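# A closer look at the structure
The chain contents come next:
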Amino acid sequence: MPDIRVMTWNIQNTSTVKLRLPGFMTAVARTVAAANVDILLIVEIAAGTDDQALDSLCQELNRQERAINAGAGEHCWLGYFLTPPTGRERYCAVIRNLDMIRPVHPEERHSEELTDMTGDVHFDVWPSSDFAQPAYPIGNQLPKIPLCGLHVAVGVEHQTRRKRDFHGKRIGNGGNSLGEGFRLLALPMFWIHTPTQQDYLLPVVVGHYAAVRGANDNNILAQGQMGQLPGLHLSQLYDRLGVGQYINVRDGGNFRAVRIQEICFTGDFNIDFLRNAPDGKDSIARKNRNALGALTPTVQHGTSEKPAALPPPAAPPPTQPTPVAPLPENQLFPLSLRAAVTNQGTILRFPKPPQQPTSFTTAAFDNFFYGGTRLHDARLGQSPGGRDSGEVIPLYNSIVQPGGQLQPGEIDISALAAHHAELQKNSAHLAPNLQANAGAGPALTDLDRLIGARLISDHLPIVLQFNCP
């Protein structure tokens with residue numbers, strides 16, 4: 001396995017009803033399979049989505065992967081891992097091959113909301129850290145992905161300003177949504193098994209950030225939420241200077257110390273990275289820059305090539321678990337991570353029929369911010385100009401008319417378009433070409449493609465690829 005490819009996708013309003021719409025699951029599965037990813041992170045799943053619908057999605061992912069990838073195992077994409085609800089949503093992680101990548105989860109008493117990764121908190125690799133033992137069949141007892149409380153070092157507080165009623169609420173109060181704040185973040189962690197036996201831990205903070213805006217699209221809530229991210233325990237444990245701390249992970253029957261040497265933030269940040277500059281007349285761009293500065297020094301169009309290389313890794317942690325040192329008081333270590341998407345849009349424009357779009361995307365809300373021993377050198381060349389590491393999948397280019405032989409990655413959404421057109425929803429009735437057989441009528445226009453892509457989601461999927469030694 002020479003590379004690891006991680007996809008994050010806010011599949012808008014994913015629910016049992018939407019998953020069962022004609023052609024929807026196939027369109028999602030063909031997109032994921034063609035992108036050749038190892039981990040799929042779905043950002044927006046309705047809290048009430050039933051297991052049967054998610055099982056069906058995994059089965060369709062399996063079918064489409066095996067159709068285009070001759071080396072895909074018979075169990076690929078089978079099994080998904082969910083968070084507890086936060087507000088009206090959950091996050092979901094699906095792993096292509098559990099015999100190469102496995103989830104790492106906290107012990108049961110911390111499985112709902114993880115507020116502290118130190119002290120006596122221990123973690124397990126599921127189903128075990130022994131990769132000689134196959135993970136399949138997976139059964140029904142799958143671990144939860146923990147939600148992540150926003151807690152800072154003692155004596156330091158970062159609060160969302162102006163809107164006192166929008167402070168985050170803990171799970172017991174329904175999570176951070178329902179008009180009372182922002183959703184909690186999630187912390188899926190993955191144990192990467194390498195051919196060279198240099199296994200390592202990949203922690204990923206996934207978020208669907210606040211979406212309440214003030215005047216002129218100024219999202220004061222997401223800005224405030226991002227300002228809190230250095231206060232996550234994971235952020236403070238991250239080995240940014242070669243002296244980072246570690247967590248205790250079960251290896252066989254024993255626990256061993258594993259240093260936090262990789263870090264990644266992803267999801268729908270609801271802050272436009274393409275409106276992110278420290279000076280000028282655009283006050284929102286300045287406020288966005290201030291918020292994004294909690295994660296990265298990179299500004300709009302700044303590329304994924306900076307900040308500079310990290311220092312050499314520190315000496316390994318002790319082989320036996322010991323009490324982790326308390327986090328420093330009155331101090332937050334700044335994060336200085338690379339940004340994956342700095343030159344591309346990830347949000348599809350709202351169609352205005354009969355006007356043809358001048359471009360397909362508008363803002364860049366979806367991103368990866370990353371750093372670490374392996375993540376730092378994620379593959380460049382994924383954008384126009386070749387200087388972004390984030391690969392934005394142009395879903396609109398994959399849509400084809402029915403009647404022909406589908407090539408890998410191409411998607412036929414004629415049945416989905418017919419469903420929406422009959423209800424006169426989502427402008428599908430204004431794009432009849434989506435249902436017309438190829439060669440038998442007008443070809444697809446850019447407006448047709450834009451409307452068709454938005455029937456799946458208004459967000460485009462993005463992929464980050466890094467080397468696996």
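Note that the coordinates shown come from a computational prediction; the quantities given were computed from them, not determined experimentally. (Residues numbered from 1 in each chain as written. Predicted model: local features only at pLDDT ≥ 70, side-chain atom pairs only at ≥ 80, totals over all residues. Heavy atoms only, no water.)

## Some words on the pattern of salt bridges
Stated precisely, the cut-off is as follows: For this document, the term salt bridge refers to a Lys or Arg side-chain nitrogen within 4 Å of an Asp or Glu carboxyl oxygen. Strands here mean DSSP runs of E at least two residues long; helices mean DSSP runs of H or I at least four residues long; both are numbered from the N terminus. Three labels apply to residues, based on accessible area from a 1.4 Å probe with only protein chains included: buried if under 20% of the type maximum, exposed if over 50%, partly exposed otherwise in between.
Throughout the structure, instances matching the rule amount to ten salt bridges. For the salt bridge of R275 with D282, the shortest nitrogen-to-oxygen distance reads 2.9 Å. In this structure, the salt-bridge partner of E305 is R387, at a minimum N-O distance of 2.9 Å. Separated by 82 residues along the polypeptide, E305 in the loop between α6 (283–292) and β15 (338–339) and R387 in the loop between β16 (366–372) and β17 (390–392) bring together distant segments of the chain. Take E305: its relative accessible area is 33%, and that puts it in the partly exposed class. Using a relative accessible area of 44% as the deciding quantity, one classes R387 as partly exposed. Among the charged side chains, a network of salt bridges with common partners joins D38, E65 and R96.

## Considerations on empty space enclosed by the protein
Leftover empty space is mapped by rolling, across the atoms, a probe with the size of a water molecule. Definition in use: Put simply, the grid is 1 Å and covers the protein atoms alone, a cavity is a trapped set of points that fit a 1.4 Å probe, a pocket is an open set with protein on both sides within 12 Å along at least five of seven lines, and lining residues have an atom within 4 Å of a point. Grid points are joined across faces, edges and corners, and a volume is the space filled by probe spheres set on the points.
One pass over the structure, following the stated rule, counts five cavities of 30 Å³ or more. Empty space within the largest cavity amounts to approximately 70 Å³. Residue lining of the largest cavity: F81, A93, P103, V104, H105, P143, K144, I145, P146, P188, M189 and F190, and that is the complete set. A per-element tally of the lining of the largest cavity places strand β5 (residues 101–106) first, with three residues.

## What to know about the side chain of Q401
What counts here: Any pair of N or O atoms that falls within 3.5 Å is considered a polar contact. Within protein, one atom must be able to donate a hydrogen and the other to accept it, and sequence-neighbouring residues count only if both atoms are side-chain atoms. Here, residues are in contact when the closest pair of their heavy atoms is within 4.5 Å.
Note that Q401 resides in the loop between β18 (399–400) and β19 (411–412). A distance of 3.0 Å separates the side chain of Q401 from the backbone oxygen of N433, its partner in a polar contact. At 2.9 Å, the side chain of Q401 forms a polar contact with the backbone oxygen of P442. With near-sequence residues (within four places) excluded, Q401 lies in contact with N433, A436, N437, A438, P442, A443 and L444.

## Notes on the packing of aromatic side chains
Here is the rule: Any pair of Phe, Tyr and Trp rings, taking the six-membered ring for Trp, is counted once the centres come within 6.5 Å. Such a pair is stacked with planes under 30 degrees apart, edge-to-face with planes over 60 apart, and tilted for the rest.
Going through the model one piece at a time under the given rule, you end up with five aromatic pairs. A centroid spacing of 5.6 Å and a plane angle of 70° characterise the contact between F81 and W126, whose relative ring orientation is edge-to-face. Placement of the pair is F81 in strand β3 (residues 80–82) and W126 in the loop between β7 (122–125) and β8 (147–148), with a sequence separation of 45 residues. What makes F81 buried here is its relative accessible area of 2%. Judged by centre distance (3.9 Å) and plane angle (5°), the rings of F360 and Y396 are stacked. Taken together, the residues F360 in the loop between β15 and β16 and Y396 in helix α7 (residues 395–398) connect sequence positions 36 residues apart.

## Thoughts on the packing of helix α2 (residues 24–35) against helix α3 (residues 51–68)
This is how it is decided: Lines fitted to C-alpha atoms define the axes here, with helix axes fitted over just the stretch in contact, and angles between the N-to-C directions of these axes take values from 0 to 180 degrees. To sort the angles, those under 35 degrees are grouped as roughly parallel, those over 145 as roughly antiparallel, those from 65 to 115 as roughly perpendicular, and the leftovers as oblique. Here is the rule for handedness: rotate from the far helix to the near one, and if that takes an anticlockwise turn smaller than a right angle the crossing is left-handed, while a clockwise turn gives right-handed. Any residue outside Ala, Val, Leu, Ile, Met, Phe, Trp, Tyr, Cys, Pro, Asp, Glu, Lys and Arg is labelled polar, Gly included; the first ten of those are nonpolar and the last four are charged.
Running from N to C, α2 and α3 point in directions that differ by 45°, and their axes come no closer than 8 Å. Relative to α3, α2 is oriented oblique. Classified by chirality, the crossing of α3 by α2 is right-handed. Facing M25, T26, V28, A29, R30, V32, A33 and A34 of α2, the residues of α3 in contact are A53, S56, L57, E60, L61, R63, Q64, E65 and I68. Taken together, the residues that form the contact of α2 with α3 break down as ten nonpolar, three polar and four charged.

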